[in-house]
Amino acid sequence: MTETEKGCDFTELKEWCLAIPKIELHAHLNGCIRDSTLLELAEVLGERGEIVFDDVKHVINKYGRTLTECFQLFDLFHILATDHETISRITKEAVEDFAAENVVYLELRTTPKNNETKGMTKRSYLKAVINGLRSVESVNVSFINPNGRTESFYDPLQKGGLTVLEKKRIYVRLLLSIDRRETTAAAMETVSLALEMRELGVVGIDLSGNPIVGEWNSFFPALKYAKEMGLPITLHCGEVANKKEIQAMLDFCPERIGHACFLEDDDWEKAILLKIPIEICLTSNLRTERLSSIDLHHFGKLFKAKHPLVLCTDDTGLFSTSLSNEYHLAATTFGLDKESILQLSTNAIHYVFADNELKKTLREIFQAYDKRLVDDFSL
Ligand SMILES: CC(C)=CCNc1ncnc2c1ncn2[C@@H]1O[C@H](COP(=O)(O)O)[C@@H](O)[C@H]1O
Ligand SMILES: [Zn+2]
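Everything numeric here is computed off the predicted structure, so don't read it as measured data.

Draft legend 1. Examining the coordination of the zinc ion (ligand 2) more closely. Looking at the metal site, the zinc ion (ligand 2) is ligated by His26 (NE2), His28 (NE2), His236 (NE2) and Asp314 (OD), spaced 2.1 Å from it. The coordination sphere of the zinc ion (ligand 2) comprises four donor atoms, whose angles at the metal cover 82 to 165°; the geometry is irregular. If you list the donors of the zinc ion (ligand 2) from N- to C-terminus, the spacing comes out as H-x1-H-x207-H-x77-D. Within this pair, whereas His236 is found in strand 7 (residues 233–237), its partner Asp314 is found in the loop between strand 10 (309–311) and helix 16 (323–334), the two being separated by 78 residues in sequence.

Right, dumping it as structure tokens:
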């Protein structure tokens, strides 16, 4: 039994992890689709004869998928969520789900996709995502408007009354993902789109996709261009053992890296020296068999070394997890007390890609939650 479990009731700790404000920096839109939505979408396509519903139902409901099956499921997501309306819907639902978890700042990442049959371009895909943000009603969603100021839909003055003021607020920013399957030209198109959409809340670039597919050299030109243009970058790094690529990624000095499961000692030396923040996805790493047991996760030693870390979910839908669940898992596995957990969630402010003004707002939100942080917190 860990220190945390001894000192505090398991269920109470779970509720407490849900109640604290949290920051989510590594969440893939299509990986966050609700199971209920997936089944509904699959049923409709089944009725239209576009898929065989019973085959799909089996895949959606399957628990304990292999790695290959996880990526097969991503392909399925991309069949089910291909039109603009569905993209808007899953965005809306994902934001609502994170807000319900008391996530106060969300960096949602997604791969803009071309789909000629649906008249979809990368640009129109992204617009559908932004429309999804605009359509959320159950919580206040804020992102950047064309003037570069924070936009709040559901203005309390216009919509009137306490009911609006009582709604939770979530700040949302977008990261555009380059899929490792994509060509250099497609990756370049994504970076150009991100630059064009900066004023609509796009704050950075992600490199993701099946880690055994694609070559660093083919993504490098687009990532270098993004860097030159001042777009922060996060890379899925070391999801599988690939020494050469891990070294190239660290030499690139990204603003953050995700996973970092297969870094060797000299790689860690470099990551630590460069103070590269690590997006930690415990459940994802466990389910995708990056480690045999959760207590062996590199979170433990990095946390002790006070390396910049942020707990994240990766794919809430795919892995049936939530951010509060990840905090609870970290607390119970590594024996963190409440103060350490709250400090961990507060520290995430340092690693967000949003501007300093929003960082200040986030700091105020966390300070309001726990006044003890006022004195020893500086950005
Ligand atoms: C299956 C597995 C190993 C998941 C965990 N780790 C991941 N590693 C690399 N890319 C990922 C991961 N989870 C999600 N993605 C990327 O995010 C996409 C889904 O979100 P979106 O279509 O970009 O909106 C996937 O197709 C994949 O390209
Ligand atoms: Zn990921």
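Draft legend 2. Region of interest: the domain arrangement of the protein chain. Under the domain assignment, the protein chain is made up of domain 1 (8–29 + 81–371) and domain 2 (35–77). On a C-alpha basis, the centres of domain 1 and domain 2 stand 25 Å from each other. Opposite the 16 residues of domain 1 that make contact, domain 2 presents 13 residues. Counting the surface domain 1 buries against domain 2, the share from its top three residues, Arg89, Arg287 and Leu318, is 40%. If you look at where domain 1 meets domain 2, you find two salt bridges. With a closest N to O distance of 3.0 Å, Glu40 and Arg89 form a salt bridge. The tally of links between domain 1 and domain 2 comes to four residue pairs in polar contact (both at pLDDT 80 or more). Of all the elements, helix 6 (residues 84–100) adds the most residues to the side of domain 1 that touches domain 2, at four residues. Residues that form the side of domain 1 that touches domain 2 fall into these classes: five nonpolar, five polar and six charged.

Draft legend 3. Representation of the nonpolar core in the model. Residues Ile170, Ile205, Leu223 and Phe299 are the most contacted members of the largest nonpolar core, which totals 94 residues. Residues contacting Ile205, with those up to four places away along its chain left out, are Leu176, Ile178, Thr190, Val191, Ala194, Leu223, Ala226, Leu231, Pro232, Ile233 and Thr234. Formed by 16 residues, the second largest nonpolar core is a distinct cluster that contains Ile23, Cys312, Ile349 and Val352.

Draft legend 4. Main features of the packing of helix 12 (residues 243–251) against helix 13 (residues 265–273). Close contact between helix 12 and helix 13 brings their axes to 10 Å; oriented N to C, the two are set at 10°. By the criterion of interaxial angle, the relationship of helix 12 to helix 13 is roughly parallel. Judged by residue contacts, Lys243, Ile246, Gln247, Leu250 and Asp251 of helix 12 engage Asp266, Asp267, Lys270 and Ala271 from helix 13. Split by residue class, the contact of helix 12 with helix 13 holds three nonpolar, one polar and five charged.

Draft legend 5. Spatial organisation of the confidence of the model for the protein chain. Counting all residues, the mean pLDDT for the protein chain is 89, and 89% of those residues have values of 70 or more. This model gives residues 152–164 a pLDDT under 50, and the stretch forms 20 contacts once residues within four places in sequence are excluded. Contacts of residues 373–379 to residues separated by more than four positions or lying in other chains number 17 contacts, the stretch itself having pLDDT below 50. Reported confidences for the modelled complex are a pTM of 0.92 and an ipTM of 0.99.

The rules behind each value
Residues numbered from 1 in each chain as written. Chains lettered and ligands numbered in written order. Predicted model: local features only at pLDDT ≥ 70, side-chain atom pairs only at ≥ 80, totals over all residues. Heavy atoms only, no water. Donors = N, O, S within 2.8 Å, 3.2 Å for Na, K, Ca; no water. Tetrahedral: all angles 85-135°; square planar, octahedral: opposite > 155°, others 65-115°. Helix = DSSP H or I, 4+ residues; strand = E, 2+ residues; numbered from the N terminus. Domains from an automatic or database assignment. Contact = heavy atoms within 4.5 Å. Buried area = accessible area lost by both parts, 1.4 Å probe. Salt bridge = Lys/Arg side-chain N within 4 Å of Asp/Glu carboxyl O. Polar contact = N/O pair within 3.5 Å; in protein donor to acceptor, adjacent residues only side chain to side chain. Nonpolar A, V, L, I, M, F, W, Y, C, P; charged D, E, K, R; others polar. Core = buried A, V, L, I, M, F, W, Y, C linked by side-chain atoms within 4.5 Å. Buried < 20%, exposed > 50% of the residue type's maximum accessible area, 1.4 Å probe, protein only. Axes fitted to C-alpha atoms, helices over the stretch in contact; angles between N-to-C directions. Parallel < 35°, antiparallel > 145°, perpendicular 65-115°, else oblique. pLDDT = per-residue confidence, 0-100.

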